[in-house]
Amino acid sequence: MQRRKLLQSGATALTATMGAGLLGSCTIRREETSTTNLILPKVRWRMATSWPYSLDTIYGGAETISQRVDALSGGKFQITAYAAGELVPGLEVLDAVQAGSVECGHTASYYYIGKNPAFAFGTSLPFGLTAQQQNSWLYEAGGNDAMNRIYNDFGVIGFPAGNTGAQMGGWFKRKLNGLNSLQGLKMRIPGLGGKVMAQLGVNVQVLPGGEIYLALDRGAIDAAEWTGPYDDEKLGLFRAANFYYYPGWWEPGPTLTGLVNKKAWNKLPNEYQEIFQTACYEANLTMLSRYDTLNGAALQRLLKQGTELVPYEDSVLVAAKEAALGLYSDMSSKDQEFRKIYEKWKIYRQEVSLWNKVNEFSFSRFNYQ
């Protein structure tokens, strides 16, 4: 992989030149190094994100990219990350990157399924891939290449840049009593998980993270999902709803994405492109590790404060899975791009699931009983 070549050669051996000017907000100044006498550009980018500052782990993905780009370039390439709402609303990051009003963004691709339903694959599908399976699909099974064929139509390029791990199933103000209790329920849930819930009778809402608590607390919605215990605790969702459901069947391993405007990307020297990709790779693995480290203790704190942990009834899970599979079939018949990715994704999922049943599932079933 090109990434390995970068790490072997060292970030201090940058030798590329580039033309001046990326976008209106991006400035480049040619400068000679004291050791090589080769011209190196100074690049300043802005990164819009879909996250509030308070969610230090998910917003931390953007910070990891910024910090690693700075370190690996010796301070020559710098990216300033902004919280949702500072530059653009949290659900309009793709639009801003596409328009070139910012050079890059950190977001979840499934926020934009209204533009192209295939964007769902870049984050997570209900009853889909775990975090490790998602990484394997993106990096080794052609998943990210498939996503970039979609992104290309929007003038952007994307790289996996975070993963929350398996999520929880959301906060409910009242306990569910069978499948019928979902009828008319107002719930914040994005992506294809939201479409599945809609088929089960839920009135689906899509809100950025910073707006969920007030909507839930004031009764504008009856239920909401975000990520897991650590972030949910920070958002204060346990103060607005008492019943905490699991599992988060709609997001078993959701990926976040670093998006870059293609015009800005193409003006970067190859070395800086490699640095950005490497930083996204680190952000992807670092975020998952942090969530797995922090969520366990956070869950215990929530339980001590009176949160009631509730499993989804089998009737809900069965109905949701049937609805999800039916949705994928229907979307494949209507959208060629979705079908192309789904057909290969489905084969990969079958193969990796058979393998994981043998190695991981058999171990977990014994070890966690």
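The structure reproduced in this document is the subject of the present report.

1. Notes on the packing of helix H6 (residues 191–199) against helix H12 (residues 314–334)
In contact at an axis separation of 9 Å, H6 and H12 are set at 115 degrees when each is read in the N-to-C sense. The angle between H6 and H12 places the two elements in the roughly perpendicular class. Judged by the sense of rotation from one axis to the other, the crossing of H6 with H12 is right-handed. Residues Leu192, Lys195, Val196 and Gln199 of H6 form the contact with H12, whose participating residues are Ala320, Ala323, Ala324, Leu327, Tyr328 and Met331. Within the contact of H6 with H12, the residues separate by chemical class into eight nonpolar, one polar and one charged.

2. Quick notes on the nonpolar core
Trp45, Ile65, Phe121, Met187, Met197, Phe276 and Tyr312 are the most contacted members of the largest nonpolar core, which has 109 residues in total. Residue contributions to this core peak at 10 residues, all from helix H11 (residues 270–304).

3. Some words on the pairing of strand S4 (residues 104–107)
The side-chain alternation of S4 yields two buried faces, one formed by Cys104 and His106 and the other by Gly105 and Thr107. Two strands pair when backbone bridges link them, and strand S2 (residues 39–49) and S4 are joined in this way by three bridges, in the parallel orientation. Looking at the pairing, threonine 49 lines up with histidine 106 of S4. Of the pairings in the sheet, the one linking S4 to strand S11 (residues 255–261) comprises four bridges and is antiparallel in character. Considered in S11, the bridge of cysteine 104 is made with valine 260.

4. Points about unusual backbone geometry
In terms of backbone geometry, most residues other than glycine have negative phi values and most peptide bonds are trans. Omega for the peptide link from tyrosine 246 to proline 247 comes to -5 degrees, which places this bond in the cis form. In this fold, proline 247 is placed in the loop between strand S10 (243–246) and S11. Backbone geometry places phenylalanine 127, a non-glycine residue, at a positive phi of 60 degrees. Here phenylalanine 127 is to be found in the loop between S4 and helix H4 (131–140).

5. Thoughts on the packing of H12 against helix H13 (residues 336–367)
Where H12 meets H13, the axes come as close as 6 Å, and the angle between the chain directions of the two elements is 125 degrees. Classified by the angle their axes make, H12 and H13 are oblique. As for how H12 packs across H13, the hand of that crossing is left-handed. Together, Leu325, Tyr328, Met331, Ser332 and Lys334 of H12 and Gln336, Phe338, Arg339 and Tyr342 of H13 make up the contact between the two elements.

6. Describing the side chain of serine 109
As for its position among the elements, serine 109 is in the loop between S4 and H4. Given a relative accessible area of 2%, serine 109 falls into the buried group. Polar side-chain contacts of serine 109 include one of 3.0 Å to the side chain of threonine 123. The contact partners of serine 109, leaving out residues within four places of it in the chain, are Phe119, Gly122, Thr123, Tyr151 and Thr257.

7. As for the sheet that holds strand S9 (residues 223–224)
Strand pairing in a sheet is mediated by backbone hydrogen bonds. Such pairs are either parallel or antiparallel. Here six strands make up an open sheet; going across it, the order is S8-S7-S9-S6-S10-S12 and the pairing mixed. Where the open sheet ends on each side, the last strands, each with one partner, are strand S8 (203–205) and strand S12 (308–311). Looking at chain direction, strand S6 (residues 171–172) and S10 are connected through two bridges and run antiparallel. Residue pairing across strands places phenylalanine 172 opposite phenylalanine 243, the latter belonging to S10.

8. Quick notes on the environment of asparagine 144
Mapped onto the fold, asparagine 144 is located in helix H5 (residues 143–152). Residue classification places asparagine 144 among the buried positions, given a relative accessible area of 13%. Along the chain, asparagine 144 and isoleucine 157 lie 13 residues apart, while their C-alpha atoms are 9.8 Å from each other. Within the structure, the side chain of asparagine 144 is placed 3.2 Å from the backbone oxygen of glycine 158, a separation counted as a polar contact.

9. Focus on the pattern of salt bridges
Should their charged atoms come close, side chains of opposite charge can pair. Under the counting rule described, the total for this entry stands at eight salt bridges. Across the pair arginine 188 and glutamate 225 runs a salt bridge whose closest N-O atoms are separated by 2.6 Å. A residue pair is termed long-range when its members are at least 10 positions apart, and arginine 188 in strand S7 (residues 186–188) and glutamate 225 in the loop between S9 and helix H8 (229–235) qualify at 37 residues. The pair formed by arginine 188 and glutamate 225 is uniform in burial state, with each residue classed as buried. The salt bridge involving aspartate 330 is made with lysine 334; its shortest N-O contact spans 3.2 Å. Here aspartate 330 and its partner lysine 334 are both found in helix H12, four residues apart, which amounts to about one turn of the helix. Taking relative accessible area as the criterion, aspartate 330 reaches 34% and is therefore assigned partly exposed. Assessed through its relative accessible area of 66%, lysine 334 is described here as exposed.

Definitions and cut-offs
- Residues numbered from 1 in each chain as written.
- Predicted model: local features only at pLDDT ≥ 70, side-chain atom pairs only at ≥ 80, totals over all residues.
- Heavy atoms only, no water.
- Axes fitted to C-alpha atoms, helices over the stretch in contact; angles between N-to-C directions.
- Helix = DSSP H or I, 4+ residues; strand = E, 2+ residues; numbered from the N terminus.
- Parallel < 35°, antiparallel > 145°, perpendicular 65-115°, else oblique.
- Left-handed = near helix turned anticlockwise from the far one by under 90°.
- Contact = heavy atoms within 4.5 Å.
- Nonpolar A, V, L, I, M, F, W, Y, C, P; charged D, E, K, R; others polar.
- Core = buried A, V, L, I, M, F, W, Y, C linked by side-chain atoms within 4.5 Å.
- Buried < 20%, exposed > 50% of the residue type's maximum accessible area, 1.4 Å probe, protein only.
- Pairing = 2+ DSSP bridges.
- Polar contact = N/O pair within 3.5 Å; in protein donor to acceptor, adjacent residues only side chain to side chain.
- Salt bridge = Lys/Arg side-chain N within 4 Å of Asp/Glu carboxyl O.

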